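Architecture at a glance
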Amino acid sequence: YAKDKGRNNYQFYTVSLSAKTPELWNLEKSLRHALERQEFLLYYQPRVNIITGDITGMEALLRWHHPEMGIVAPNIFIPLAEGSGLIIPIGEWVLREACTQNKAWQQAGFPPMTIAVNLSPKQFRQPKLVETVSAILEATGLESQYLELEITETTAIENLDFTTTVLRKLEQMGLLLSIDDFGTGYSSLSRLQVLPFHNLKIDRSFIQELAIDEKVGHIIKAIVDLGRSLGLRLIAEGVERSEELNFLKSINCDDVQGYLFYKPLSAQQATELMGSKLKKNTDFNL
Ligand code: C2E
Ligand code: MG
Ligand code: MG
Ligand code: MG
């Protein structure tokens, strides 16, 4: 059935993940040709400074434009790609596309910002990750400080020695590193603090529960305080309501990402948005 009607102006196609239904087999089959058929595209969700509202970066979010089904949500096809190994070439495409786009924005004269790319567990564990990232930066001409990599808390914690080695290399290259979906993975910040992360993204589920359960506010505040004391920049995901924003302001969260500000945008929409911001600033300076 089609859930999430209207999200990103498309109808998302979702299927039950409980078993590999014929539907899912077919989907996996067409996924194998999706790259060569150029059916992938990236959407970009702005991240904003909680005080100024300035755009501090964009998160690249993958979309699959299936010829018959329309836009398929990443929550459906990323697990399929992960299971079949296709995530490696697909993930490489995402990295290249995101870096190319960010470089193009810089060359168009927009203020430089970071672009954040999500890495799946298998992608993170591929032996050639560091090499691949480095080759893509070189090929696209994007400086490493403008690329941010997001891995989930669960991915980070799974093999701490391995994670430490890889993240240190990426950090030495000058990239920004983020813990994604924090709070969903049963780990503790004290275990994660050995890792060279710059940003911590508080999972959307906490923000959603704020209105329902006031104790969640205490948990979010504890995450922000502890994250801050570990030198991390705090980012809240999935902010949809002004009450949530006000609470996050009151506990000194740094950045927010969510529908209250922006939904994920097509490359063209994102470009137009930045163009309008640039124009406003220029008008102001005159
Ligand atoms: P994520 O990295 O945690 O990305 C944030 C997700 O929350 C995005 O969903 C975004 O559209 C959604 N979101 C942002 N603000 C709001 C809000 O205010 N309300 C609600 N309800 N949702 C909001 P999306 O784009 O469907 O992506 C889902 C997940 O798929 C991502 O979660 C990420 O784990 C994965 N993903 C997306 N693109 C890629 C990719 O290129 N590579 C890999 N490996 N995973 C990806
Ligand atoms: Mg993410
Ligand atoms: Mg997240
Ligand atoms: Mg999430």
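Computed from a prediction, not measured in an experiment: that's the story for all the values here. For every chain, the first residue of the written sequence is number 1, and numbering continues from 1 along that sequence. Lettering of chains starts at A and numbering of ligands starts at 1, both following the order in which they are written. Note on the predicted model: pLDDT of at least 70 is required for a residue's local features to be given, and 80 or more for side-chain atom pairs to be given and counted; whole-chain, interface and lining totals, by contrast, use all residues. Hydrogens are left out, water is left out, and the side-chain values use all remaining heavy atoms of the structure.

Taking 1.5 Å of rise per residue, the 13 residues of helix H7 (residues 160-172) would be expected to cover 18 Å, and the 18 Å separating its terminal C-alpha atoms lies within 8% of that figure. Should any heavy atoms of two residues lie within 4.5 Å, those residues are counted as being in contact. In this text, helices come from DSSP runs of H or I with a minimum length of four residues, and strands from runs of E with a minimum of two, each type numbered from the N-terminal end. For H7, the elements touching its buried residues are helix H4 (121-125), helix H5 (129-140), strand E5 (147-152), helix H6 (153-158) and strand E6 (176-182). Positive backbone phi, approximately 100°, marks Gly174, located one or two places after H7. The span expected for a helix works out to 1.5 Å for each residue beyond the first.

Okay, unusual backbone geometry next. At Gln38, a position not held by glycine, the phi torsion is positive, near 55°. Residue position: Gln38 is located in the loop between helix H1 (22-34) and strand E1 (40-49). Positive phi values are uncommon outside glycine, yet Asn252 reaches one of about 65°. Here Asn252 is to be found in the loop between helix H11 (242-250) and strand E9 (255-257). Classification of Asn252 by relative accessible area gives exposed; the value is 52%. For every residue, the accessible area obtained with a 1.4 Å probe (protein chains only) is divided by the maximum for its type, and the residue is called buried under 20%, exposed over 50%, and partly exposed between those limits.

Before going further, it helps to spend a moment on the packing of H1 against helix H2 (residues 74-84). Contact pair H1 / H2: the axes reach a minimum separation of 10 Å and the direction vectors enclose 70°. If you check the angle between H1 and H2, you find them roughly perpendicular. Contact residues: H1 offers Leu24, Leu27, Glu28 and Leu31, while H2 offers Ile76, Phe77, Leu80, Ala81 and Ser84. Classifying every residue of the contact of H1 with H2 gives seven nonpolar, one polar and one charged. Interaxial angles span 0 to 180 degrees and are taken between N-to-C directions of axes, which are lines fitted to C-alpha atoms, for helices over the stretch in contact. Throughout, the term roughly parallel applies to angles under 35 degrees, roughly antiparallel to angles over 145, roughly perpendicular to angles from 65 to 115, and oblique to all others. For this classification, the nonpolar set comprises Ala, Val, Leu, Ile, Met, Phe, Trp, Tyr, Cys and Pro, the charged set comprises Asp, Glu, Lys and Arg, and every other residue, Gly included, is treated as polar.

Any residue with a non-hydrogen atom lying within 4 Å of a molecule or strand is treated as near it. Ligand 1 sits among 25 residues. The nearest are Arg63, Asn118, Asp180, Glu240 and Tyr259. Polar contact is defined as a pair of N or O atoms within 3.5 Å, subject to the rule that within protein one atom must be able to donate a hydrogen and the other to accept it, and that residues adjacent in sequence are counted only when both atoms are side-chain atoms. At a separation of 2.9 Å, an oxygen atom of ligand 1 approaches a polar side-chain atom of Asp180. Between an oxygen atom of ligand 1 and a side-chain N or O atom of Arg204, the distance comes to 3.1 Å. The Shrake-Rupley method, run with a 1.4 Å probe, gives the accessible areas here. Residue values count only the displayed protein chains as cover. Its free accessible area being 800 Å², ligand 1 has 90% of it covered by the protein chains.

Every buried residue of H2 is accounted for by Ile76, Phe77, Leu80, Ala81 and Glu82. Residues of H2 that are buried sit in contact with H1, E1, strand E2 (55-66), strand E3 (70-72), helix H3 (87-107) and H4. Gly85 sits one or two positions beyond H2 and adopts a positive phi of about 85°.

What follows is about the environment of Ala139. Secondary-structure assignment places Ala139 in helix H5. Linking Ala139 and Asn118, residues 21 residues apart in sequence, is a C-alpha distance of 20 Å.

Right, let's get into the coordination of the magnesium ion (ligand 3). In this listing, donors mean N, O and S atoms no farther than 2.8 Å from the metal, or 3.2 Å for Na, K and Ca; water is missing from the atoms, so a site can look incomplete. Protein coordination of the magnesium ion (ligand 3) is provided by Asp180 (OD), Asp181 (OD), Glu237 (OE) and Glu237 (OE), with donor distances spanning 1.9 to 2.7 Å. Read N to C, the donor residues that coordinate the magnesium ion (ligand 3) are spaced as D-D-x55-E. The distance between the magnesium ion (ligand 3) and the magnesium ion (ligand 2) comes to 3.8 Å, with Asp180 serving as a donor to both metals. Residue Asp180 is located in strand E6, and its partner Glu237 is located in strand E8 (residues 233-237); the two are separated by 57 residues in the primary sequence. Since its relative accessible area comes to 6%, Asp180 is described here as buried.

Time to look at the packing of H3 against H5. As a packed pair, H3 and H5 sit with axes 9 Å apart at the nearest point and diverge in direction by 30°. One element, H3, and the other, H5, form an angle in the roughly parallel class. As H3 runs across H5, the sense of the crossing is right-handed. Every residue of H5 that contacts H3 at Glu92, Leu95, Arg96, Cys99, Thr100 and Lys103 is listed here: Thr132, Val133, Ile136, Leu137, Ala139 and Thr140. For a crossing to be left-handed, the near helix must be turned anticlockwise from the far one by less than a right angle; the clockwise case is right-handed.

The next point concerns the pattern of salt bridges. Take a side-chain nitrogen of Lys or Arg and a carboxyl oxygen of Asp or Glu: if they are within 4 Å of each other, that pair is a salt bridge. Enumeration over the complete set of coordinates arrives at 13 salt bridges. Among the salt bridges present, the one from Asp254 reaches Arg228, with a minimum N-O distance of 3.1 Å. Taken together, the positions of Asp254 in the loop between H11 and E9 and Arg228 in helix H10 (residues 215-229) put the pair 26 residues apart, joining distant regions of the chain. A relative accessible area of 16% means that Asp254 is categorised as buried. Assessed through its relative accessible area of 34%, Arg228 is described here as partly exposed.

Attention shifts here to the pairing of strand E4 (residues 114-118). Summarising burial for E4: four of the five residues are buried, a large majority. Pairing between strands requires that DSSP locate at least two bridges from one strand to the other. Relative to E4, E2 is paired through four bridges, and the arrangement is parallel. Within the sheet, the bridge partner assigned to Met58 lies in E4 and is Ile115. Where E4 lies against E5, four bridges are found, and the strand directions are parallel. Each residue of the ladder has a partner; that of Ala116, found in E5, is Glu148.

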